[in-house]
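A closer look at the structure
Given next are the chains, with one letter for each unit.
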Amino acid sequence: MSQPATAISATNRPGAPQWKKWLSLDNRYVPPAFITLILLAGQFSYGILESYERTLLAIATAIGLELILGRIFLGKWLNVASAYITGISVGILVRSPAFWPFAVAAALAITSKYVLRYKGRHLWNPSNFGISVVLFLLPASVAMLSIQWGNNMASMIVIWVLGSIIIWRLRRFHISATYVISFLVLAVIRSWIIHQPWLAEVSPITGPEYQLFIFFMITDPKTTVRSKKGQCIVAFLVALVEMFFRLDQSIYAELYALFWVGPIAILIEMWLDSRRTKPSQSPAVATVTGTSHQPIS
Amino acid sequence: MKRGPLARIILFLFFIGLIAVPLVLTRKASKSEAASSQASTSAALTRYGFYLTEDSKQAGVNFVHQAPVLDRQLAPIMPEVASMGAAVSIVDFDHDGWPDIYVTNSGESTMNALYRNNHDGTFTDVASKLGVANVNRSGTGVSMGAVWGDFDNDGFPDLFLIKWGRPILFHNDQGRGFTDVSIQAGLPEWMNANTALWFDYDGDGKLDLFVGGYYNENIDLWHLKTTRIMPESFEYAQNGGRKYLFHNLGEGKFDEVSGSVGINSRRWALASGAADLSGTGHPDLFVANDYGVSELFVNDGKRFHEVGKQAGVGFSPKSGMNVAFGDIFNQDRFSIYVSNISESGVLIQGNNLWVPQDGTPGSMPHYVNMAGSLGVELGGWSFGAQFGDLNNDGNLDLFLANGYISLDHSRSYWYDFAKVAAGNSTIIGDAKNWPAFNGRSLSGYQQKRVWINDGAGQFQDVAHDVGVTDTHDGRSVAVGDLWNNGALDVVVANQSGPLLIYKNKVDPAEKWIEFKLEGTKSNRDAIGAELTLYWDGKKQLQQVAAGTGFAAQNDLRMHFGLGKDARIEKAVIRWPSGIVQTLDHLTPGELYTIKESQ
């Protein structure tokens, strides 16, 4: 997961008082604060973490690498909000009795941003990449948070309401909403195909891992397309590909769906952009997104 | 990107290295798995000092467990909801000095078996003759386990039958028969329990009984009023069965006192163990819960206080299915082994080996999970486990049963299981939302683990090498010297599978000693008595326990391996009464019967 983009609003204008900027939902630190809140609420109410040490290891690895790689390859010390979200996501989602998978997943996530690039733009959502790779290559040592969280509806509603407000203010609610609606509709189809209760098919989206997926992973501005319509189409395609993974009984279907759909969508967008701008613009312009404030996140 | 090609090449190599780490590790693990092969008896004796031979047929034991068949509404997920009930206890019920075996069955109208030891390596089922076979009659529920304790101190251990249904307390009539005394004892009409143990929690010399409920006791699993019987959460469920503590009033009467002494949990208990972990002289109670955290009830002599979180054992919720105590470092302190679920690519809970880190007598130590670093973390879908010195080298080894549901080998239920278990309580809590099994396996066909302790902080799985190769769905494990030859044998009850008796052949150069304790002021079975043996500069703590592991009971006699050329210094017994007794002039290769000094 990376940081959702921030939009410039009245409170974030150059002339606005400093304290208003800090209290504004448009602050770039709101998403990290929100995910920290989820972590703390989950930990103190249910004890969701494998351990504090493992989560801290993931965060420290992500931040450390971001600082080092940013300094080396971009020549400056980067803001670590995005790396923090990546690290904390790995720390929450990865489940392993060992320590090293947390470091490896976080390192893979951050490094992927600097290595897996095309025309100056990284293709994969960092935490999606890091977690998917360790899940796929290390099934005997690594699993993902799925059933290790309270199944209490009240806590989920709090997350949904808070998450929706924040995502709405960040102008990315339509992505989450499209995905959720698509998932629910496709659950009906899956239920019909495999002759299982609809609630069984709906069940995963009521679990914890999906909340992080919906609010933080698929909304990542750096790894989604730019147009609102395109974002909705991509969100639907993620749900659609996920359905096929699910029909194949893939437990981490949503992660793998995003793993494939996300980069392909970006490549298509870049190809379309290059066709449109060929006569007048250089490829480097395509790397600057309308909502992004950081060169790499 | 500002840097030149060299920096980018280094970055790329680093990235490739990160991906290679998992690949190399996976390859290494699969190679080491493939390298394991079954060794011959002599090779195993030379290499590990022991060999286990599955001997049930030669011993005349031909018992196959049958699983319960519950209400028709549960038919789609019957393999899951009826996945327990195979249990074994080793007990000398007729006081002839030879351990016998009691094994439970769980289909309606099936028979439990009591295998009397014929002293010649064979056993005869006398359950029907003595009245403890036909205990699974329709309408009364079925057996889930059995624990033996001499509640009236008459010298013969009595039998408490753990059931999903009407629990039964049998009085042992001098080894010649059993009488159902449940009504007189004041037992409840119905419970859905999977664990129980005898212990003298208040030190009055009379054995009390703890019983841990699993399903809510108001549910009759054969006549459901609702399908909302499942746990409300996979890891945080508190809608399970209640707990019972039956205080022994004497004359066959018991008073249920759990609430008044501080035991109020409604977690889904699957295993329990009692030991004086805090050094107060009173037995504490450790409960391993399915769908949640373990609980540790400290006993101050009058009340219990749940201190799981403070002690470090009650924070990370897993699927606890076993409680076994063992002094694995020979430091006169118990570590605690709790089994959980580990399935590659889905759920890696890892088993817990709680090792005490500090604490002084009279205070609860803090525990740290060292299962990973000691090599006893991953077994599979693990159930019963027991510590015991299988090769008599002076270090406690660990036998672990694994495997949940073995049906169609090629089709797994894991995807559907994970799908529903992730969901909200409204979904997971209702059996009708669970997809049908349709003959699929769920962590089936898994091997047992036989981890030998090298005494230096590492356990090595030698199951295949020492003859333990079966892949039945293991549940209950009990250990005891069945042949009275100084070697710990292992009996395994498998769900919907055969009872297996692993007869142990140990290198005769490895010495041993055994103790049978008899209380006078303390309860007669000496349940709760601790014995520390000192030899060759080492020491090891063991205790007498009536109920440990998963739905199991080991022989009440204590068995110590000593290694080669052992010289015993002394043995110190701490009786439940508080009396401390020291034994000198002990010789290896003997079974000592010790009466509590007055």
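Residues numbered from 1 in each chain as written. Chains lettered and ligands numbered in written order. Predicted model: local features only at pLDDT ≥ 70, side-chain atom pairs only at ≥ 80, totals over all residues. Heavy atoms only, no water.

1. A closer look at the overall build of chain B
- Helix and strand counts for chain B come out as nine helices and 40 strands.
- What you see for chain B is a C-alpha radius of gyration of 24 Å, in line with the 25 Å of a compact globule of 598 residues.
- With respect to the three principal axes, the spread of C-alpha positions in chain B is 85 × 65 × 50 Å.
- A total of 598 residues make up chain B; the buried ones form 65% of that total.
- Partitioning the contacts of chain B with sequence separation of at least 6, the portion at a separation of at least 24 is 62%.
- Carbon and sulfur atoms form 51% of the exposed surface of chain B, whose accessible area is close to 20,400 Å². (Helix = DSSP H or I, 4+ residues; strand = E, 2+ residues; numbered from the N terminus. Rg over C-alpha atoms; globule rule 2.2 N^0.38 Å. Buried < 20%, exposed > 50% of the residue type's maximum accessible area, 1.4 Å probe, protein only. Contact = heavy atoms within 4.5 Å. Areas by Shrake-Rupley, 256 points an atom, 1.4 Å probe, with all protein chains shown as cover.)

2. A few points about the environment of threonine 122 of chain B
All names here are of chain B.
- Mapped onto the elements, threonine 122 comes out in the loop between strand 4 (113-117) and strand 5 (123-125).
- Residue classification places threonine 122 among the partly exposed positions, given a relative accessible area of 24%.
- Sequence separation between threonine 122 and lysine 57 is 65 residues, and the spatial gap between their C-alpha atoms is 9.1 Å.
- In this structure threonine 122 touches Gln58, Ala59, Arg116 and Asn117, once residues within four positions along its chain are discounted.
- A distance of 2.6 Å separates the side chain of threonine 122 from the side chain of aspartate 120, its partner in a polar contact. (Polar contact = N/O pair within 3.5 Å; in protein donor to acceptor, adjacent residues only side chain to side chain.)

3. Quick look at the sheet that holds strand 38 (residues 568-574) of chain B
Residues and elements named next belong to chain B.
- One open sheet holds the four strands; their spatial order is 35-34-38-39, and the pairing between them is antiparallel. Each edge of the open sheet carries a strand with a single partner, namely strand 35 (538-543) and strand 39 (580-583). Geometrically, the sheet is characterised by an average inter-axis angle of 15° between neighbouring strands, direction not taken into account.
- Here strand 34 (residues 530-535) runs beside strand 35; their pairing, made up of six bridges, is antiparallel. Note that in strand 35 the partner of glutamate 530 across the bridge is glutamine 543. (Pairing = 2+ DSSP bridges. Axes fitted to C-alpha atoms, helices over the stretch in contact; angles between N-to-C directions.)

4. Some words on unusual backbone geometry
- Positioned with a positive phi, arginine 171 of chain A is a non-glycine residue whose angle comes to about 60°.
- Take arginine 171 of chain A: its relative accessible area is 56%, and that puts it in the exposed class.

5. Section: the confidence of the model for chain B
- Overall, the prediction assigns chain B a mean pLDDT of 95, with 97% of residues at 70 or greater.
- Model confidence for the complex is summarised by a pTM of 0.91, with the ipTM given as 0.84. (pLDDT = per-residue confidence, 0-100.)

6. Some points on the nonpolar core
- Counting residues in each nonpolar core, the largest one holds 178 residues, and the members touching the most others are Tyr179 of chain A together with Phe160, Trp198, Phe515, Leu517 and Leu533 of chain B.
- Those residues in contact with leucine 517 of chain B, other than ones at most four positions away along the chain, are Arg524, Asp525, Ala526, Ala529, Leu531, Val544, Met558, Ile573, Trp575 and Ile594 of chain B.
- Of all hydrophobic cores here, the second largest spans 23 residues; its members include Tyr48, Leu390, Val479 and Leu488 of chain B. (Core = buried A, V, L, I, M, F, W, Y, C linked by side-chain atoms within 4.5 Å.)

7. Topic: helix 3 (residues 52-74) of chain A
Residues and elements named next belong to chain A.
- Between its first and last C-alpha atoms helix 3 spans 31 Å; for 23 residues at 1.5 Å apiece the expected length is 33 Å, and the two agree.
- Buried within helix 3 we find Arg54, Thr55, Ala58, Ile59, Thr61, Ala62, Leu65, Glu66, Leu69, Gly70, Phe73 and Leu74.
- Note on helix 3: the residue one or two positions beyond its end, glycine 75, has a positive phi of about 75°. (Expected span 1.5 Å × (residues − 1).)

8. Regarding the interface of chain B and chain A
- The partner chain A presents 53 residues to the 49 residues of chain B that form the contact.
- Counting each side, the surface lost to burial between chain B and chain A is near 4,500 Å², with a carbon and sulfur contribution of 66%.
- The largest contributions to the chain B side of the interface with chain A come from Phe15, Tyr236 and Tyr415 of chain B, which together make up 17% of the buried area.
- Counting every contact that joins chain B to chain A gives one salt bridge.
- Measuring nitrogen to oxygen at the nearest pair gives 2.4 Å for the salt bridge that ties lysine 419 of chain B to glutamate 201 of chain A.
- Elements that contribute at least two residues to the side of chain B that touches chain A include exactly helix 1 (5-35), strand 21 (347-348), helix 8 (414-421) and helix 9 (425-428) of chain B.
- Class assignment for the residues of the side of chain B that touches chain A results in 29 nonpolar, ten polar and ten charged. (Buried area = accessible area lost by both parts, 1.4 Å probe. Salt bridge = Lys/Arg side-chain N within 4 Å of Asp/Glu carboxyl O. Nonpolar A, V, L, I, M, F, W, Y, C, P; charged D, E, K, R; others polar.)

9. Examining the sheet that holds strand 4 of chain B
Residues and elements named next belong to chain B.
- Overall, mixed pairing links the five strands, which are arranged 5-4-3-2-36 in an open sheet. Among the strands making up the open sheet, the edge pair consists of strand 5 and strand 36 (552-553).
- With two bridges connecting them, strand 2 (residues 88-91) and strand 36 associate as parallel partners. Its bridge partner being in strand 36, serine 89 is matched across the sheet by glutamine 553.

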